[in-house]
Amino acid sequence: MDVAPIAVAVLMMLGSGLVTALPLDDEIAELKAEISAHAGEVFQLEQRVLHPVNTRLAVFLTLANRDGLDLDSVELFVDGEPVASHMYTTREAGSLQQGGVQQLFTGNLANGTHELKAVITARAANDRFVRRESTHRFQKRPGALRLQMALDAKAPDYEPRVSFVEWK
């Protein structure tokens, strides 16, 4: 029995399978690219629906004096309702001490007068543990509102102070 014709037939079948596998791989790659593009579009749509620009409030945290506080946690309340809470790792606190900015909260808020309350726990540079509450009343107008919450603690008492600034 001559195996050459059988081998040629098997190779032809295998070869044709490889030829159809390449377009299938290309089609899968195209589908993955389309899915990725759609996922990005869905995320952008979700952000516009969940946080419309007209009612958006964003609160950012910075350290004004980078040596005065070793931040432990921050709780944020808007009109008495808790909206954000964060406990800091050593790495996160270090990033803030190096000048980093943390986005604490993004949400929607109706136009009008509101109150923001922050509760901060930290270790001051004089090794005292401190817990401070600070409130800020503000007027929400149409459009996005971005508030910077800056923490400061200066020698010799290292008493934490919180200031709020509206970012334009």
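Further up the page is the structure itself.
All of the points below concern the structure found in this document. (Residues numbered from 1 in each chain as written. Predicted model: local features only at pLDDT ≥ 70, side-chain atom pairs only at ≥ 80, totals over all residues. Heavy atoms only, no water.)

Things to note about the pattern of salt bridges
Then comes step 1: The full count for this structure, using the stated rule, is five salt bridges.
Then comes step 2: Residues Lys 117 and Glu 133 are paired through a salt bridge, measuring 3.9 Å at the closest nitrogen-oxygen approach. A residue pair is termed long-range when its members are at least 10 positions apart, and Lys 117 in strand β5 (residues 112–124) and Glu 133 in strand β6 (residues 129–140) qualify at 16 residues.
Then comes step 3: For Glu 133, a relative accessible area of 48% puts it in the partly exposed group. (Salt bridge = Lys/Arg side-chain N within 4 Å of Asp/Glu carboxyl O. Helix = DSSP H or I, 4+ residues; strand = E, 2+ residues; numbered from the N terminus. Buried < 20%, exposed > 50% of the residue type's maximum accessible area, 1.4 Å probe, protein only.)

Regarding the sheet that holds strand β4 (residues 102–108)
Then comes step 1: The four strands lie next to each other as β4-β1-β7-β8, forming an open sheet whose pairing is mixed. The strands lining the two open edges of the sheet, one partner per strand, are β4 and β8 (161–167). Here the strands of the sheet are splayed against their neighbours by 20° on average, with no regard to which way each runs.
Then comes step 2: By the bridge criterion, six bridges tie strand β1 (residues 56–63) to β4 in an arrangement that is antiparallel. From the neighbouring strand, Phe 60 faces β4, where its bridge partner is Gln 103. (Pairing = 2+ DSSP bridges. Axes fitted to C-alpha atoms, helices over the stretch in contact; angles between N-to-C directions.)

Examining the pairing of β5
Then comes step 1: Where strand β2 (residues 69–78) meets β5, nine bridges bridge the pair, whose relative direction is antiparallel. What sits directly across from Glu 75, in β5, is Val 119.
Then comes step 2: Here β5 pairs with β6 via 12 bridges, running antiparallel. Its bridge partner lying in β6, Ala 118 is registered against Ser 134.
Then comes step 3: What sits between β5 and β6 in their antiparallel hairpin is a turn of four residues, with Asp 127 showing a positive phi close to 65°.

Some details on unusual backbone geometry
Then comes step 1: Despite not being glycine, Asp 79 shows a phi value in the positive range, around 55°.
Then comes step 2: Along the chain, Asp 79 falls in the loop between β2 and β3 (81–87).

A few points about the pairing of β3
Along any regular strand the residues' side chains alternate between the sheet's two faces.
Then comes step 1: In this structure, β2 lies alongside β3, joined through six bridges in antiparallel fashion. When the bridges of β3 are listed, Val 78 appears paired with Glu 81.
Then comes step 2: Where β2 folds back on β3, the antiparallel hairpin that results is connected by two residues, among which Asp 79 adopts a positive phi of roughly 55°.

Concerning the side chain of Thr 121
Then comes step 1: Tracing the backbone shows Thr 121 in strand β5.
Then comes step 2: Apart from the residues lying within four places of it in its own chain, the contact partners of Thr 121 are Leu 71, Asp 72, Ser 73, Val 130 and Arg 131. (Contact = heavy atoms within 4.5 Å.)

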